[in-house]
2 protein chains.
Amino acid sequence: MKKRMTVNIIGRGNVAYHLNMAYKNVAEIIEVNPHTLEELNPEAEITIISVTDSAIAEILERLPPIQGVVAHTSGSTPIDIFKGQGINNFGVFYPLQTFSKAKALNYKEIPFYIEGSDEKTAEILFNFASLISNNVRLADSSQRKSLHIAAVFSCNFVNHLWTLSEKYLKEEGLQFSDLIPLIKETMEKIMTLSPSDAQTGPAVRGDINMIQSHLQLLEEFPNMKNIYKLLSESIINN
Amino acid sequence: MKKRMTVNIIGRGNVAYHLNMAYKNVAEIIEVNPHTLEELNPEAEITIISVTDSAIAEILERLPPIQGVVAHTSGSTPIDIFKGQGINNFGVFYPLQTFSKAKALNYKEIPFYIEGSDEKTAEILFNFASLISNNVRLADSSQRKSLHIAAVFSCNFVNHLWTLSEKYLKEEGLQFSDLIPLIKETMEKIMTLSPSDAQTGPAVRGDINMIQSHLQLLEEFPNMKNIYKLLSESIINN
(Lines give C-alpha, C1' and ligand atoms only; values in the text may rest on other atoms or scores of the structure.)
Protein backbone atom coordinates (compact mmCIF):
# COMPACT_ATOMS: atom_id res chain seq x y z
CA MET A 1 0.00 0.00 0.00
CA LYS A 2 1.20 3.47 -0.91
CA LYS A 3 2.32 5.71 1.93
CA ARG A 4 -0.34 8.25 2.86
CA MET A 5 0.38 11.88 2.03
CA THR A 6 1.03 14.38 4.82
CA VAL A 7 -0.98 17.56 4.34
CA ASN A 8 -1.35 20.79 6.34
CA ILE A 9 -4.77 22.46 6.15
CA ILE A 10 -4.74 26.05 7.40
CA GLY A 11 -8.12 27.52 8.29
CA ARG A 12 -11.15 27.12 10.54
CA GLY A 13 -13.96 28.08 8.13
CA ASN A 14 -16.51 25.97 6.30
CA VAL A 15 -14.20 24.90 3.46
CA ALA A 16 -11.35 23.92 5.81
CA TYR A 17 -13.83 22.00 7.96
CA HIS A 18 -15.07 19.97 5.00
CA LEU A 19 -11.57 19.34 3.61
CA ASN A 20 -10.61 17.92 7.01
CA MET A 21 -13.72 15.73 6.95
CA ALA A 22 -13.09 14.56 3.39
CA TYR A 23 -9.40 13.73 3.85
CA LYS A 24 -9.24 12.42 7.42
CA ASN A 25 -9.35 8.79 6.24
CA VAL A 26 -7.17 9.07 3.13
CA ALA A 27 -4.26 11.29 4.22
CA GLU A 28 -2.34 12.43 7.30
CA ILE A 29 -3.96 15.79 7.94
CA ILE A 30 -2.55 18.46 10.23
CA GLU A 31 -5.32 20.92 11.07
CA VAL A 32 -3.74 24.33 11.57
CA ASN A 33 -5.30 27.38 13.13
CA PRO A 34 -4.36 30.52 11.11
CA HIS A 35 -3.08 32.07 14.36
CA THR A 36 -0.66 29.24 15.18
CA LEU A 37 1.26 28.61 11.98
CA GLU A 38 4.14 27.14 14.04
CA GLU A 39 2.01 23.98 14.21
CA LEU A 40 2.54 23.39 10.49
CA ASN A 41 4.48 20.29 9.49
CA PRO A 42 7.34 21.81 7.43
CA GLU A 43 7.84 18.51 5.61
CA ALA A 44 4.23 18.07 4.50
CA GLU A 45 3.84 17.31 0.80
CA ILE A 46 1.00 19.81 0.49
CA THR A 47 -0.11 22.84 2.51
CA ILE A 48 -3.65 24.05 1.80
CA ILE A 49 -4.54 27.62 2.78
CA SER A 50 -8.30 27.71 3.24
CA VAL A 51 -9.12 31.13 4.66
CA THR A 52 -11.18 34.11 3.43
CA ASP A 53 -9.76 35.68 0.27
CA SER A 54 -8.64 38.84 2.02
CA ALA A 55 -6.60 36.86 4.61
CA ILE A 56 -4.50 34.82 2.13
CA ALA A 57 -1.77 37.45 1.59
CA GLU A 58 -1.29 37.89 5.33
CA ILE A 59 -0.98 34.10 5.87
CA LEU A 60 1.67 33.95 3.12
CA GLU A 61 3.69 36.68 4.86
CA ARG A 62 3.66 34.79 8.16
CA LEU A 63 4.27 31.35 6.61
CA PRO A 64 7.41 29.72 8.10
CA PRO A 65 9.90 28.05 5.68
CA ILE A 66 8.09 25.08 4.28
CA GLN A 67 8.67 22.25 1.77
CA GLY A 68 6.14 20.87 -0.64
CA VAL A 69 3.33 22.51 -2.56
CA VAL A 70 1.39 25.46 -1.12
CA ALA A 71 -2.11 26.05 -2.52
CA HIS A 72 -5.12 28.22 -1.71
CA THR A 73 -8.80 27.28 -2.20
CA SER A 74 -10.17 30.58 -3.48
CA GLY A 75 -12.15 30.94 -6.71
CA SER A 76 -11.43 34.63 -7.08
CA THR A 77 -7.76 34.90 -6.02
CA PRO A 78 -5.25 34.66 -8.89
CA ILE A 79 -2.30 32.27 -8.61
CA ASP A 80 -0.02 35.36 -8.79
CA ILE A 81 -0.64 36.02 -5.10
CA PHE A 82 2.12 33.45 -4.41
CA LYS A 83 4.76 35.24 -6.49
CA GLY A 84 7.66 36.85 -4.62
CA GLN A 85 6.82 34.94 -1.42
CA GLY A 86 9.81 32.59 -1.60
CA ILE A 87 7.62 29.55 -2.30
CA ASN A 88 8.90 27.28 -5.06
CA ASN A 89 5.86 25.18 -5.82
CA PHE A 90 2.42 26.70 -5.47
CA GLY A 91 -1.04 26.45 -6.91
CA VAL A 92 -4.79 26.61 -6.52
CA PHE A 93 -7.14 23.95 -5.26
CA TYR A 94 -10.67 25.30 -5.78
CA PRO A 95 -13.74 23.25 -4.87
CA LEU A 96 -16.84 24.63 -6.62
CA GLN A 97 -19.43 24.08 -3.92
CA THR A 98 -21.25 25.93 -1.14
CA PHE A 99 -20.11 24.66 2.25
CA SER A 100 -21.84 24.77 5.63
CA LYS A 101 -20.58 22.90 8.65
CA ALA A 102 -24.12 21.77 9.45
CA LYS A 103 -24.62 20.07 6.09
CA ALA A 104 -22.95 16.81 4.98
CA LEU A 105 -21.73 16.65 1.39
CA ASN A 106 -20.95 14.00 -1.19
CA TYR A 107 -17.33 14.92 -1.88
CA LYS A 108 -17.08 12.61 -4.91
CA GLU A 109 -19.40 14.93 -6.86
CA ILE A 110 -17.67 18.23 -6.10
CA PRO A 111 -15.80 19.71 -9.07
CA PHE A 112 -12.24 20.70 -8.13
CA TYR A 113 -10.33 23.17 -10.30
CA ILE A 114 -6.56 22.92 -10.17
CA GLU A 115 -3.85 25.34 -11.22
CA GLY A 116 -0.13 24.85 -10.59
CA SER A 117 3.05 26.94 -10.80
CA ASP A 118 4.35 24.19 -13.12
CA GLU A 119 3.10 20.91 -14.57
CA LYS A 120 4.51 18.75 -11.79
CA THR A 121 2.85 20.89 -9.11
CA ALA A 122 -0.47 20.83 -10.94
CA GLU A 123 -0.20 17.05 -11.13
CA ILE A 124 0.41 16.74 -7.37
CA LEU A 125 -2.65 18.86 -6.60
CA PHE A 126 -4.71 17.08 -9.26
CA ASN A 127 -3.92 13.69 -7.75
CA PHE A 128 -4.61 14.96 -4.26
CA ALA A 129 -8.07 16.22 -5.32
CA SER A 130 -8.71 12.91 -7.10
CA LEU A 131 -8.37 11.11 -3.76
CA ILE A 132 -11.81 12.44 -2.81
CA SER A 133 -13.49 13.66 -6.02
CA ASN A 134 -14.34 12.09 -9.38
CA ASN A 135 -14.61 15.52 -10.91
CA VAL A 136 -11.16 17.16 -11.04
CA ARG A 137 -9.92 19.40 -13.85
CA LEU A 138 -7.43 22.12 -14.66
CA ALA A 139 -8.46 25.78 -14.88
CA ASP A 140 -6.43 28.97 -15.02
CA SER A 141 -7.07 31.98 -12.80
CA SER A 142 -9.25 33.71 -15.39
CA GLN A 143 -11.49 30.65 -15.89
CA ARG A 144 -11.76 30.23 -12.14
CA LYS A 145 -13.00 33.81 -11.76
CA SER A 146 -15.61 33.20 -14.44
CA LEU A 147 -16.74 30.07 -12.61
CA HIS A 148 -17.01 32.03 -9.42
CA ILE A 149 -19.13 34.72 -11.06
CA ALA A 150 -21.42 32.06 -12.54
CA ALA A 151 -21.64 30.48 -9.08
CA VAL A 152 -22.71 33.82 -7.58
CA PHE A 153 -25.54 34.00 -10.12
CA SER A 154 -26.53 30.33 -9.88
CA CYS A 155 -26.29 29.94 -6.12
CA ASN A 156 -26.06 33.21 -4.13
CA PHE A 157 -28.51 35.20 -6.27
CA VAL A 158 -30.88 32.25 -6.63
CA ASN A 159 -30.98 31.86 -2.86
CA HIS A 160 -31.69 35.58 -2.54
CA LEU A 161 -34.70 35.33 -4.88
CA TRP A 162 -36.02 32.62 -2.57
CA THR A 163 -35.38 34.89 0.42
CA LEU A 164 -37.38 37.69 -1.21
CA SER A 165 -40.20 35.25 -2.01
CA GLU A 166 -40.28 34.02 1.56
CA LYS A 167 -40.52 37.54 3.00
CA TYR A 168 -43.17 38.57 0.49
CA LEU A 169 -45.38 35.51 1.08
CA LYS A 170 -45.09 35.97 4.83
CA GLU A 171 -46.35 39.54 4.55
CA GLU A 172 -49.26 38.25 2.45
CA GLY A 173 -50.08 35.58 5.05
CA LEU A 174 -48.84 32.69 2.90
CA GLN A 175 -46.11 30.13 3.41
CA PHE A 176 -42.88 29.73 1.46
CA SER A 177 -42.94 25.95 1.96
CA ASP A 178 -45.75 25.72 -0.63
CA LEU A 179 -43.20 26.76 -3.24
CA ILE A 180 -40.86 23.84 -2.48
CA PRO A 181 -42.37 21.37 -5.02
CA LEU A 182 -42.11 24.10 -7.66
CA ILE A 183 -38.50 24.90 -6.70
CA LYS A 184 -37.57 21.20 -6.75
CA GLU A 185 -39.11 20.77 -10.18
CA THR A 186 -37.39 23.92 -11.49
CA MET A 187 -34.09 22.32 -10.51
CA GLU A 188 -34.94 18.85 -11.73
CA LYS A 189 -35.81 20.23 -15.15
CA ILE A 190 -32.27 21.46 -15.73
CA MET A 191 -30.89 17.98 -15.02
CA THR A 192 -32.22 17.00 -18.46
CA LEU A 193 -32.91 20.30 -20.25
CA SER A 194 -30.74 23.32 -20.90
CA PRO A 195 -32.07 26.14 -18.66
CA SER A 196 -32.69 28.25 -21.77
CA ASP A 197 -35.05 25.51 -23.02
CA ALA A 198 -36.67 25.14 -19.61
CA GLN A 199 -37.71 28.79 -19.25
CA THR A 200 -41.39 29.35 -18.45
CA GLY A 201 -43.41 32.29 -17.10
CA PRO A 202 -44.97 35.55 -18.30
CA ALA A 203 -41.77 37.16 -19.62
CA VAL A 204 -40.76 34.34 -21.97
CA ARG A 205 -44.36 34.17 -23.23
CA GLY A 206 -44.23 37.93 -23.84
CA ASP A 207 -47.30 38.34 -21.64
CA ILE A 208 -46.97 42.11 -21.12
CA ASN A 209 -50.40 42.40 -19.47
CA MET A 210 -49.45 39.98 -16.73
CA ILE A 211 -46.06 41.63 -16.22
CA GLN A 212 -47.80 45.02 -15.85
CA SER A 213 -50.31 43.60 -13.40
CA HIS A 214 -47.52 42.02 -11.30
CA LEU A 215 -45.52 45.26 -11.29
CA GLN A 216 -48.61 47.10 -10.08
CA LEU A 217 -49.09 44.62 -7.25
CA LEU A 218 -45.44 45.10 -6.27
CA GLU A 219 -45.93 48.86 -5.86
CA GLU A 220 -45.39 48.51 -2.09
CA PHE A 221 -42.28 46.34 -2.58
CA PRO A 222 -40.05 48.72 -4.60
CA ASN A 223 -36.96 46.50 -4.38
CA MET A 224 -38.84 43.46 -5.68
CA LYS A 225 -40.46 45.64 -8.33
CA ASN A 226 -37.05 46.76 -9.65
CA ILE A 227 -35.80 43.17 -9.71
CA TYR A 228 -38.99 41.94 -11.39
CA LYS A 229 -38.59 44.60 -14.08
CA LEU A 230 -34.90 44.01 -14.77
CA LEU A 231 -35.14 40.20 -14.86
CA SER A 232 -38.29 40.27 -17.05
CA GLU A 233 -36.54 42.58 -19.52
CA SER A 234 -33.53 40.27 -19.49
CA ILE A 235 -35.74 37.24 -20.25
CA ILE A 236 -37.57 39.11 -23.03
CA ASN A 237 -34.30 40.25 -24.65
CA ASN A 238 -32.59 36.88 -24.26
CA MET B 1 -67.24 1.64 -6.90
CA LYS B 2 -68.21 5.29 -7.29
CA LYS B 3 -69.05 6.44 -10.81
CA ARG B 4 -66.11 8.31 -12.34
CA MET B 5 -66.54 12.03 -12.94
CA THR B 6 -66.85 13.34 -16.48
CA VAL B 7 -64.58 16.34 -17.06
CA ASN B 8 -63.84 18.55 -20.07
CA ILE B 9 -60.30 19.92 -20.25
CA ILE B 10 -59.98 22.77 -22.73
CA GLY B 11 -56.43 23.55 -23.85
CA ARG B 12 -53.38 22.14 -25.57
CA GLY B 13 -50.61 23.68 -23.46
CA ASN B 14 -48.36 22.21 -20.81
CA VAL B 15 -50.86 22.46 -17.94
CA ALA B 16 -53.68 20.90 -19.97
CA TYR B 17 -51.33 18.13 -21.08
CA HIS B 18 -50.39 17.25 -17.50
CA LEU B 19 -53.98 17.45 -16.23
CA ASN B 20 -54.93 14.96 -18.94
CA MET B 21 -52.05 12.71 -17.87
CA ALA B 22 -52.89 13.00 -14.17
CA TYR B 23 -56.62 12.34 -14.54
CA LYS B 24 -56.77 9.82 -17.36
CA ASN B 25 -57.03 6.87 -14.96
CA VAL B 26 -59.29 8.47 -12.34
CA ALA B 27 -61.93 10.34 -14.39
CA GLU B 28 -63.57 10.39 -17.82
CA ILE B 29 -61.64 13.15 -19.53
CA ILE B 30 -62.71 14.86 -22.74
CA GLU B 31 -59.68 16.64 -24.20
CA VAL B 32 -60.94 19.71 -26.04
CA ASN B 33 -59.03 21.85 -28.50
CA PRO B 34 -59.77 25.57 -27.84
CA HIS B 35 -60.77 25.90 -31.52
CA THR B 36 -63.40 23.15 -31.44
CA LEU B 37 -65.48 23.88 -28.36
CA GLU B 38 -68.40 21.96 -29.95
CA GLU B 39 -66.56 18.81 -28.80
CA LEU B 40 -67.28 19.68 -25.16
CA ASN B 41 -69.53 17.32 -23.25
CA PRO B 42 -72.31 19.71 -22.11
CA GLU B 43 -73.18 17.36 -19.26
CA ALA B 44 -69.68 17.11 -17.77
CA GLU B 45 -69.54 17.74 -14.03
CA ILE B 46 -66.50 19.98 -14.43
CA THR B 47 -65.05 21.94 -17.33
CA ILE B 48 -61.46 23.07 -16.87
CA ILE B 49 -60.22 25.96 -19.02
CA SER B 50 -56.46 25.60 -19.19
CA VAL B 51 -55.31 28.16 -21.74
CA THR B 52 -53.03 31.23 -21.55
CA ASP B 53 -54.47 33.91 -19.30
CA SER B 54 -55.19 36.29 -22.16
CA ALA B 55 -57.28 33.65 -23.98
CA ILE B 56 -59.64 32.84 -21.09
CA ALA B 57 -62.11 35.67 -21.74
CA GLU B 58 -62.43 34.73 -25.39
CA ILE B 59 -63.05 31.05 -24.53
CA LEU B 60 -65.78 32.11 -22.11
CA GLU B 61 -67.48 34.13 -24.87
CA ARG B 62 -67.49 31.16 -27.24
CA LEU B 63 -68.46 28.60 -24.59
CA PRO B 64 -71.66 26.76 -25.60
CA PRO B 65 -74.38 26.28 -22.95
CA ILE B 66 -72.89 23.92 -20.41
CA GLN B 67 -73.81 22.31 -17.08
CA GLY B 68 -71.55 21.73 -14.12
CA VAL B 69 -68.70 23.77 -12.75
CA VAL B 70 -66.46 25.82 -15.03
CA ALA B 71 -62.97 26.63 -13.69
CA HIS B 72 -59.76 28.12 -15.01
CA THR B 73 -56.21 27.16 -13.96
CA SER B 74 -54.60 30.60 -13.89
CA GLY B 75 -52.74 31.99 -10.90
CA SER B 76 -53.13 35.57 -11.98
CA THR B 77 -56.70 35.70 -13.32
CA PRO B 78 -59.34 36.73 -10.73
CA ILE B 79 -62.45 34.65 -10.30
CA ASP B 80 -64.44 37.70 -11.44
CA ILE B 81 -63.65 36.91 -15.06
CA PHE B 82 -66.58 34.47 -14.94
CA LYS B 83 -69.12 37.09 -13.88
CA GLY B 84 -71.80 38.06 -16.40
CA GLN B 85 -70.97 35.08 -18.61
CA GLY B 86 -74.16 33.19 -17.80
CA ILE B 87 -72.33 30.48 -15.88
CA ASN B 88 -73.90 29.48 -12.57
CA ASN B 89 -71.08 27.62 -10.85
CA PHE B 90 -67.53 28.65 -11.49
CA GLY B 91 -64.17 28.71 -9.82
CA VAL B 92 -60.41 28.46 -9.99
CA PHE B 93 -58.27 25.34 -9.99
CA TYR B 94 -54.66 26.54 -9.76
CA PRO B 95 -51.77 24.07 -9.62
CA LEU B 96 -48.64 25.76 -8.29
CA GLN B 97 -46.06 24.01 -10.42
CA THR B 98 -44.02 24.48 -13.59
CA PHE B 99 -45.13 22.15 -16.34
CA SER B 100 -43.28 20.88 -19.41
CA LYS B 101 -44.60 18.13 -21.64
CA ALA B 102 -41.18 16.49 -21.71
CA LYS B 103 -40.96 16.11 -17.92
CA ALA B 104 -42.95 13.65 -15.79
CA LEU B 105 -44.29 14.95 -12.46
CA ASN B 106 -45.35 13.55 -9.12
CA TYR B 107 -48.88 14.98 -9.07
CA LYS B 108 -49.45 14.01 -5.41
CA GLU B 109 -46.98 16.72 -4.31
CA ILE B 110 -48.36 19.60 -6.35
CA PRO B 111 -50.17 22.24 -4.26
CA PHE B 112 -53.59 23.08 -5.75
CA TYR B 113 -55.31 26.32 -4.79
CA ILE B 114 -59.09 26.31 -5.09
CA GLU B 115 -61.62 29.12 -5.22
CA GLY B 116 -65.35 28.68 -5.90
CA SER B 117 -68.33 30.92 -6.70
CA ASP B 118 -69.95 29.34 -3.63
CA GLU B 119 -69.05 26.75 -0.99
CA LYS B 120 -70.56 23.82 -2.85
CA THR B 121 -68.60 24.69 -6.02
CA ALA B 122 -65.38 25.09 -4.07
CA GLU B 123 -65.99 21.67 -2.53
CA ILE B 124 -66.51 20.02 -5.93
CA LEU B 125 -63.23 21.49 -7.20
CA PHE B 126 -61.45 20.69 -3.94
CA ASN B 127 -62.49 17.04 -4.14
CA PHE B 128 -61.55 16.86 -7.80
CA ALA B 129 -58.04 18.18 -7.03
CA SER B 130 -57.78 15.73 -4.12
CA LEU B 131 -58.16 12.84 -6.57
CA ILE B 132 -54.59 13.46 -7.68
CA SER B 133 -52.93 15.68 -5.04
CA ASN B 134 -52.34 15.43 -1.28
CA ASN B 135 -51.81 19.16 -1.11
CA VAL B 136 -55.09 20.97 -1.83
CA ARG B 137 -56.20 24.20 -0.14
CA LEU B 138 -58.45 27.21 -0.58
CA ALA B 139 -57.09 30.60 -1.66
CA ASP B 140 -58.83 33.75 -2.84
CA SER B 141 -57.87 35.63 -6.01
CA SER B 142 -55.59 38.05 -4.17
CA GLN B 143 -53.64 35.28 -2.40
CA ARG B 144 -53.33 33.42 -5.68
CA LYS B 145 -51.79 36.45 -7.36
CA SER B 146 -49.25 36.75 -4.54
CA LEU B 147 -48.39 33.08 -4.89
CA HIS B 148 -47.97 33.54 -8.60
CA ILE B 149 -45.62 36.50 -8.13
CA ALA B 150 -43.54 34.52 -5.63
CA ALA B 151 -43.48 31.63 -8.11
CA VAL B 152 -42.18 33.96 -10.83
CA PHE B 153 -39.31 34.95 -8.52
CA SER B 154 -38.60 31.45 -7.19
CA CYS B 155 -38.90 29.55 -10.46
CA ASN B 156 -38.93 31.69 -13.63
CA PHE B 157 -36.31 34.18 -12.46
CA VAL B 158 -34.17 31.48 -10.86
CA ASN B 159 -34.16 29.54 -14.11
CA HIS B 160 -33.19 32.72 -15.95
CA LEU B 161 -30.17 33.22 -13.67
CA TRP B 162 -29.10 29.69 -14.62
CA THR B 163 -29.63 30.55 -18.30
CA LEU B 164 -27.40 33.61 -17.97
CA SER B 165 -24.76 31.51 -16.18
CA GLU B 166 -24.87 28.90 -18.92
CA LYS B 167 -24.40 31.47 -21.70
CA TYR B 168 -21.63 33.23 -19.82
CA LEU B 169 -19.68 30.03 -19.06
CA LYS B 170 -20.03 28.90 -22.68
CA GLU B 171 -18.47 32.16 -23.89
CA GLU B 172 -15.64 31.59 -21.41
CA GLY B 173 -15.09 28.03 -22.68
CA LEU B 174 -16.54 26.42 -19.55
CA GLN B 175 -19.50 24.14 -18.97
CA PHE B 176 -22.67 24.85 -17.04
CA SER B 177 -22.93 21.21 -15.95
CA ASP B 178 -20.07 21.82 -13.48
CA LEU B 179 -22.44 24.06 -11.51
CA ILE B 180 -25.01 21.30 -11.01
CA PRO B 181 -23.61 19.97 -7.68
CA LEU B 182 -23.57 23.55 -6.38
CA ILE B 183 -27.12 24.19 -7.60
CA LYS B 184 -28.35 20.95 -6.03
CA GLU B 185 -26.73 21.83 -2.72
CA THR B 186 -28.17 25.37 -2.82
CA MET B 187 -31.62 23.82 -3.10
CA GLU B 188 -31.03 21.10 -0.52
CA LYS B 189 -29.99 23.72 2.01
CA ILE B 190 -33.42 25.37 1.96
CA MET B 191 -35.08 22.03 2.75
CA THR B 192 -33.78 22.47 6.30
CA LEU B 193 -32.84 26.17 6.55
CA SER B 194 -34.78 29.34 5.83
CA PRO B 195 -33.26 30.86 2.63
CA SER B 196 -32.43 34.01 4.58
CA ASP B 197 -30.26 31.88 6.91
CA ALA B 198 -28.71 29.97 4.01
CA GLN B 199 -27.39 33.04 2.16
CA THR B 200 -23.69 32.89 1.24
CA GLY B 201 -21.48 34.84 -1.18
CA PRO B 202 -19.63 38.15 -1.43
CA ALA B 203 -22.68 40.42 -0.97
CA VAL B 204 -23.86 38.95 2.34
CA ARG B 205 -20.23 39.01 3.60
CA GLY B 206 -20.04 42.68 2.58
CA ASP B 207 -16.99 41.85 0.45
CA ILE B 208 -17.02 45.07 -1.61
CA ASN B 209 -13.63 44.35 -3.19
CA MET B 210 -14.83 41.11 -4.68
CA ILE B 211 -18.10 42.68 -5.85
CA GLN B 212 -16.11 45.44 -7.60
CA SER B 213 -13.78 42.93 -9.21
CA HIS B 214 -16.74 40.87 -10.48
CA LEU B 215 -18.47 43.97 -11.86
CA GLN B 216 -15.29 44.88 -13.70
CA LEU B 217 -15.07 41.41 -15.23
CA LEU B 218 -18.70 41.74 -16.37
CA GLU B 219 -17.93 44.94 -18.31
CA GLU B 220 -18.58 43.09 -21.59
CA PHE B 221 -21.82 41.60 -20.27
CA PRO B 222 -23.82 44.78 -19.46
CA ASN B 223 -27.06 42.93 -18.78
CA MET B 224 -25.41 40.56 -16.30
CA LYS B 225 -23.57 43.50 -14.78
CA ASN B 226 -26.85 45.34 -14.10
CA ILE B 227 -28.38 42.23 -12.57
CA TYR B 228 -25.27 41.57 -10.47
CA LYS B 229 -25.41 45.12 -9.15
CA LEU B 230 -29.11 45.18 -8.33
CA LEU B 231 -29.17 41.76 -6.66
CA SER B 232 -26.00 42.46 -4.65
CA GLU B 233 -27.51 45.72 -3.40
CA SER B 234 -30.69 43.87 -2.52
CA ILE B 235 -28.71 41.27 -0.52
CA ILE B 236 -26.69 43.97 1.25
CA ASN B 237 -29.83 45.95 2.18
CA ASN B 238 -31.82 42.89 3.21
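Small disclaimer: the values here were computed from a predicted structure and weren't measured.

Enquirer: Would you take a moment to explain the overall build of chain A for this structure?
Expert: Tallying secondary structure elements over chain A gives nine helices and seven strands in all. Overall, chain A is about 65 × 35 × 35 Å in size when its C-alpha atoms are taken along their principal axes. Going through the 238 residues of chain A one by one, you find that 55% of them count as buried. For chain A, long-range pairs separated by at least 24 residues make up 54% of all intrachain contacts whose partners lie at least 6 apart in sequence.

Enquirer: Teacher, can you tell me more about the relation of the copies chain A and chain B here?
Expert: Copy one and copy two of the chain differ by a rotation about a common axis and a shift along it. Rotating chain A by 178° and moving it 0.1 Å along the rotation axis overlays it on chain B with an RMSD of 0.5 Å. The transformation just described matches what one would write down for a two-fold rotation axis. Closest approach to the rotation axis within chain A is made by the C-alpha atom of A:Val158, at a distance of 2.7 Å. Of the interface residues in chain A, 96% have counterparts in chain B that sit at the interface too, so the contact is made through matching surfaces.

Enquirer: It is not clear to me how helix α5 (residues 180–192) of chain A should be interpreted in this structure. Could you clarify?
Expert: For an α-helix the count is 3.6 residues per turn, leaving residues at separations of three or four pointing the same way. Between its first and last C-alpha atoms α5(A) spans 19 Å; for 13 residues at 1.5 Å apiece the expected length is 18 Å, and the two agree. Every buried residue of α5(A) is listed here: A:Ile180, A:Pro181, A:Leu182, A:Ile183, A:Glu185, A:Thr186, A:Met187, A:Lys189 and A:Ile190. Residues of α5(A) that are buried make contact with α4 (141–171) and α6 (195–198) of chain A together with α4 (141–171) and α5 (180–192) of chain B.

Enquirer: Sorry, what's going on with the sheet that holds strand β2 (residues 28–32) of chain B here?
Expert: Think of a sheet as strands paired side by side through backbone hydrogen bonds, with each pair either parallel or antiparallel. All names here are of chain B. An order of β2-β1-β3-β4-β5-β6-β7 is seen for the seven strands of this open sheet, with the pairing classed as mixed. At either margin of the open sheet sits one strand with a lone partner, and together these are β2 and β7 (136–138). Taking each pair of neighbouring strands and ignoring which way they run, the sheet shows an average axis angle of 25°. In terms of strand pairing, strand β3 (residues 46–49) meets strand β4 (residues 69–72) through four bridges, oriented parallel. Residue pairing in the sheet places Ile 49 in a bridge with His 72 of β4.

Reading guide: rules and limits
- Residues numbered from 1 in each chain as written.
- Chains lettered and ligands numbered in written order.
- Predicted model: local features only at pLDDT ≥ 70, side-chain atom pairs only at ≥ 80, totals over all residues.
- Heavy atoms only, no water.
- Helix = DSSP H or I, 4+ residues; strand = E, 2+ residues; numbered from the N terminus.
- Buried < 20%, exposed > 50% of the residue type's maximum accessible area, 1.4 Å probe, protein only.
- Contact = heavy atoms within 4.5 Å.
- Least-squares fit on C-alpha atoms with pLDDT ≥ 70 in both.
- Expected span 1.5 Å × (residues − 1).
- Pairing = 2+ DSSP bridges.
- Axes fitted to C-alpha atoms, helices over the stretch in contact; angles between N-to-C directions.

Take it as geometry only, folks, not as evidence of what the structure does.
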